[in-house]
Amino acid sequence: MSSRTVPFSRGLAAAAFAVFAITAAAEVPEPQSYWMGPMHGEVPAALSGARVLHAPELAVLLAQGQAVLIDAAAAPRRPDNLAPEAIWKPVPHRDIAGSIWLPDLGAGQLTPDQDSFYRARLMALTANDLDRPIVFYCHPQCWASWNAAKRAIGYGYRRVAWYPDGAEGWQDAGHKLVAAAPEVPPQAGH
Amino acid sequence: MRRFFLAGVAAGVLLLAGAAVAQDDEAARAARWNDLAHEIFGAKPLQAGGAKIALEAPERAEDAALVPVTISVENPKEVKSLTLVIDDNPAPVAARVTFGPVGDPQSLKLRVRINQYTYMHAIEETKDGALYETHRFVKASGGCSAPSGSYDAQALAQIGQMKLRWLSKPQAGQARQAQLLIRHPNFNGMQKDEATQGYTPARFLKTVDVSLNGETVLHLDSDISLAADPAITFGVNRPDKGKLAITARDSDNAVFEQSFDLGTGGSG
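Residues numbered from 1 in each chain as written. Chains lettered and ligands numbered in written order. Predicted model: local features only at pLDDT ≥ 70, side-chain atom pairs only at ≥ 80, totals over all residues.

Quick look at the overall build of chain A
- Regarding its fold elements, chain A presents five helices and seven strands.
- For chain A, the N- to C-terminal ordering of α and β elements is α-β-α-β-β-β-α-β-α-β-α-β.
- Taken over 190 residues, chain A has a buried fraction of 37%.
- Taking the intrachain contacts of chain A between residues at least 6 apart in sequence as the baseline, contacts between residues at least 24 apart amount to 78%. (Helix = DSSP H or I, 4+ residues; strand = E, 2+ residues; numbered from the N terminus. Buried ≥ 20, exposed ≤ 12 C-beta atoms within 10 Å, placed from the backbone. Contact = placed C-beta atoms within 7 Å.)

This is how it looks when you write it as structure tokens:
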């Protein structure tokens, strides 16, 4: 028993620290418009017009079966000048079961083609219902889902939620992730 | 007593649930490492490193774009090369360092980017061709899309500038640890340019050669997993006098050279 209680209390200490870290990060102000900086970095605690979810609330919402779940994580890109013999082996992307993976939806700025593609994609996924809940996430400290959620609010969706803890947060909460394939606009190949 | 017992049971159940989830991932992670090891080292078997090789890294990295890693070996005289693999990075082979006659492999430090929670493997290749591995799990994510520090035009003008710092005093018969810093953004092609909202083209260090009075200390092969402004800490044998010469090459075929006079200590 003692061998179990020790790591468990360490786990509690780690969890307490994680909560503290999240609180400390809450000082990042919300940008007026889309975030144009690097996608990885401290994010605000909130998004005006959206509800912020953590794992327990997300689990409840997903169990209700109505929400559209969007993974806005970026997809890895092989540099052109990587040595031809270098091993390039991106890990198969894994995200929350039932997600639609729309990389680049969270970019600071979309091309008109990207914008119309994503707008149409969201319309299709929600069956043109602006009151369908949509949840956006990517990774912890990842602006892509913040931008994507803000974009959806701009498209007129009224029940937008943001899950800032990302796929890793979902995994840390004890849930499984599943393999995913990205949906990108036609001819958007980089 | 009863309360304690219940708490203990709850803890046990939680841990078991956690282990069950981890198990699925563990199988996938093991399979990926198996594939990777085969791609990197061919059919040659990897033996458990035991006390021969150690790998240190933070369990949870504060900055995924700048994760310090230390590889140390028990018998430096037997070691030919050290390889660092970050299993779940898109370009997993972070660095391979081959030591020359005046290089000391006892302790090697690098700073790397980590894209997502991953195992990291360090592999020692001995002079007689045996391979020993050790590994650890690191929780960090987003290091590949994080910006390369504050690389503006002014910073880029300093590209290739180097600093060398001796971390220990010279002592007869002992290797001396040196830290080499190379100013270089090591752009990996996955970072956004804030001005254009496009991706900054990849530009990264491919090789670093260090020699002491013409004798090889080490040769480093690398690409996009090294952190911006690469820092390498390594051991040098017999650093009594003369010059430590550094040559670095990047993916644009730029060559950066600098040498440090040992007489002046070369501290920066």
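Text resumes after the structure shown.
Comments concerning the overall build of chain B
- In terms of helices and strands, chain B carries two helices and 15 strands.
- Within chain B, residue pairs in contact and separated by at least 24 positions form 67% of the contacts whose partners lie at least 6 positions apart.

Section: unusual backbone geometry
- Here Ala127 of chain A, not a glycine, exhibits a phi torsion of approximately 50°, which is positive.
- Counting through the fold element by element, Ala127 of chain A comes out in the loop between helix 3 (112-125) and strand 5 (134-137).
- Take Ala127 of chain A: there are 8 C-beta atoms within 10 Å of it, and that puts it in the exposed class.
- Phi at Asp229 of chain B is positive, roughly 50°, even though this residue is not glycine.

Regarding the domain arrangement of chain B
- Domain annotation of chain B identifies domain 1 (1-43) and domain 2 (45-264).
- Each partner contributes residues to the interface: domain 1 of chain B has seven residues there, and domain 2 of chain B has eight residues. (Domains from an automatic or database assignment.)

A closer look at the confidence of the model for chain A
- Looking at chain A, pLDDT values average 85 and 84% of them are 70 or higher.
- Per-residue pLDDT stays below 50 along residues 1-25 of chain A; that stretch engages in 10 contacts with residues further than four places along the chain or on separate chains. (pLDDT = per-residue confidence, 0-100.)

Looking at the sheet that holds strand 6 (residues 160-162) of chain A
- Strand order in this open sheet of five strands is 1-6-5-2-4 (chain A), and the pairing throughout is parallel. Strands with a single pairing partner mark the edges of an open sheet, and in this sheet they are strand 1 (50-52) and strand 4 (100-101) of chain A. (Pairing = 2+ DSSP bridges.)

Topic: the confidence of the model for chain B
All names here are of chain B.
- Counting all residues, the mean pLDDT for chain B is 85, and 85% of those residues have values of 70 or more.
- For the stretch residues 1-23, pLDDT sits under 50, and the model shows 13 contacts to residues farther than four places along the chain or on other chains.
- Scoring of the predicted complex yields 0.76 for pTM and 0.77 for ipTM.

Some words on the nonpolar core
- Val67, Leu84 and Val112 of chain B are the most contacted members of the largest nonpolar core, which has 60 residues in total.
- The next biggest cluster of nonpolar side chains, apart from the first, holds 43 residues, and it includes Leu102, Leu105, Ala107 and Ala148 of chain A. (Core = buried A, V, L, I, M, F, W, Y, C linked by C-beta atoms within 7 Å.)

Brief notes about helix 4 (residues 143-155) of chain A
All names here are of chain A.
- Look at helix 4: 18 Å from first C-alpha to last across 13 residues, which is about the 18 Å you get at 1.5 Å a residue.
- The element helix 4 is extensively covered by neighbouring structure, given that 10 of its 13 residues are classed as buried.
- Along helix 4, the residues that are buried comprise Trp143, Ala144, Ser145, Trp146, Asn147, Ala148, Ala149, Lys150, Arg151 and Ala152.
- Packed against the buried residues of helix 4 are strand 1, strand 2 (68-71), helix 3, strand 5 and strand 6.
- Phi for Gly156, located one or two positions after helix 4, is positive at around 110°. (Expected span 1.5 Å × (residues − 1).)

Notes on the pairing of strand 5 of chain A
All names here are of chain A.
- Because side chains alternate across strand 5, one face comprises the buried residues Ile134 and Phe136, and the other comprises Val135 and Tyr137, equally buried.
- Pairing geometry for strand 2 and strand 5, over four bridges, is parallel. Looking at the pairing, Val68 lines up with Ile134 of strand 5.

Points about helix 3 of chain A
All names here are of chain A.
- If you check helix 3, its first and last C-alpha atoms are 20 Å apart, about what 14 residues at 1.5 Å a residue would give, namely 20 Å.
- Every buried residue of helix 3 is accounted for by Phe117, Tyr118 and Leu122. With its buried residues spanning 125° around the axis, helix 3 presents them on a single face. In helix 3, the exposed positions angled more than 90 degrees off the buried face are occupied by Pro112, Asp113, Ser116, Ala120 and Ala124.
- Of the surrounding secondary structure, the elements contacted by the buried residues of helix 3 are strand 5 and helix 4.
- One or two positions beyond helix 3, positive phi appears at Ala127, with a value near 50°. (Arc of directions from axis to C-beta.)

Brief notes about the sheet that holds strand 14 (residues 243-250) of chain B
Residues and elements named next belong to chain B.
- Across the sheet, which stays open at both edges, the nine strands sit in the order 1-8-7-4-5-12-11-14-15 with mixed pairing between neighbours. The open sheet terminates on both sides in strands that have one partner only, identified here as strand 1 (46-48) and strand 15 (255-261). Each neighbouring strand pair of the sheet contributes to a mean axis angle of 20°, computed without reference to strand direction.
- Here strand 11 (residues 205-212) runs beside strand 12 (residues 215-222); their pairing, made up of six bridges, is antiparallel. Each residue of the ladder has a partner; that of Ser211, found in strand 12, is Thr216. (Axes fitted to C-alpha atoms, helices over the stretch in contact; angles between N-to-C directions.)

Things to note about the environment of Asn237 of chain B
Residue and element names in this part refer to chain B.
- Residue placement: Asn237 occurs in the loop between strand 13 (231-236) and strand 14.
- C-beta crowding within 10 Å serves as the criterion here: with 19 such atoms nearby, Asn237 is assigned to the partly exposed category.
- For the pair Asn237 and Gly103, spaced 134 residues apart in sequence, the C-alpha to C-alpha distance is 5.9 Å.
- Setting aside its immediate chain neighbours within four residues, Asn237 contacts Val102, Asp104 and Ala175.

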